[in-house]
Amino acid sequence: MRFRLTQNKFWMGDEEKEKLEKLGFKFKEELNEDYRKRNGKWKCDDNVEPVIRISSLEDLMKLVKDYGVIVLSENGIEIYNDCRE
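Residues numbered from 1 in each chain as written. Predicted model: local features only at pLDDT ≥ 70, side-chain atom pairs only at ≥ 80, totals over all residues. Heavy atoms only, no water.

1. Observations regarding the overall build of the chain
- Tallying secondary structure elements over the chain gives three helices and seven strands in all.
- Seen in sequence order, the chain has helices and strands lined up from the N terminus as β-β-α-β-α-β-β-α-β-β.
- Along the longest, intermediate and shortest principal axes, the C-alpha atoms of the chain span 45 × 25 × 20 Å.
- When the 85 residues of the chain are sorted by exposure, 32% land in the buried category. (Helix = DSSP H or I, 4+ residues; strand = E, 2+ residues; numbered from the N terminus. Buried < 20%, exposed > 50% of the residue type's maximum accessible area, 1.4 Å probe, protein only.)

Listed below in structure tokens is the structure:
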């Protein structure tokens, strides 16, 4: 099955960015230096929603192992990597 992927962290550092890019997420560099120091260098591009193929429960559990807590719904899979309101 194919699932639309989302994640709920807006800004992040290089390591987190590189990990999520493997799934197809795209990022924009934050140019404001003060903001970068407080929040992180990279902002997730909200216009990009990658799609992932999950063929088995093992595939799903590998995603959990690699990315931590997920929220699975009929609309897709959310990587729960930050708090949300």
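2. Let's talk about the layout of surface pockets
- One number sums up the size of the largest pocket: a volume of about 270 Å³.
- Along its surface, the largest pocket is lined by 16 residues, and Q7, N8, K9, F10 and D46 are the ones closest to its centre.
- With three residues, the top contributor of residues to the lining of the largest pocket is strand β1 (residues 2-7).
- For the lining of the largest pocket, the per-class residue count stands at six nonpolar, three polar and seven charged. (1 Å grid on protein atoms, 1.4 Å probe; cavity = no way out; pocket = protein on both sides within 12 Å on 5 of 7 lines; lining within 4 Å. Points joined across faces, edges and corners; volume = space filled by probe spheres on them. Nonpolar A, V, L, I, M, F, W, Y, C, P; charged D, E, K, R; others polar.)

3. Looking at the sheet that holds strand β6 (residues 70-73)
- Overall, mixed pairing links the four strands, which are arranged β5-β1-β7-β6 in an open sheet. The open sheet has two edge strands with one neighbour each: β5 (51-53) and β6. Adjacent strand axes in the sheet meet at a mean angle of 30 degrees, parallel and antiparallel pairs treated alike.
- Pairing geometry for β1 and β5, over three bridges, is antiparallel. Pairing of R4 across the sheet is with V51, part of β5.
- Each of β5, β6 and β7 (76-79) touches helix α3 (residues 57-67); the most contacted strand, β6, lies at about 150 degrees to it. (Pairing = 2+ DSSP bridges. Axes fitted to C-alpha atoms, helices over the stretch in contact; angles between N-to-C directions. Contact = heavy atoms within 4.5 Å.)

4. Things to note about the side chain of E78
- Within the fold, E78 resides in strand β7.
- Setting aside its immediate chain neighbours within four residues, E78 contacts T6, Q7, N8, V69, I70, V71 and R84.

5. Some details on the sheet that holds strand β4 (residues 42-44)
- Here three strands make up an open sheet; going across it, the order is β2-β4-β3 and the pairing antiparallel. Looking along the sheet, the strands with just one partner apiece sit at the ends: β2 (11-12) and β3 (27-29).
- Sheet topology places β2 next to β4; two bridges connect them, and they run antiparallel. Counterpart to W11 in the pairing with β4 is K43.

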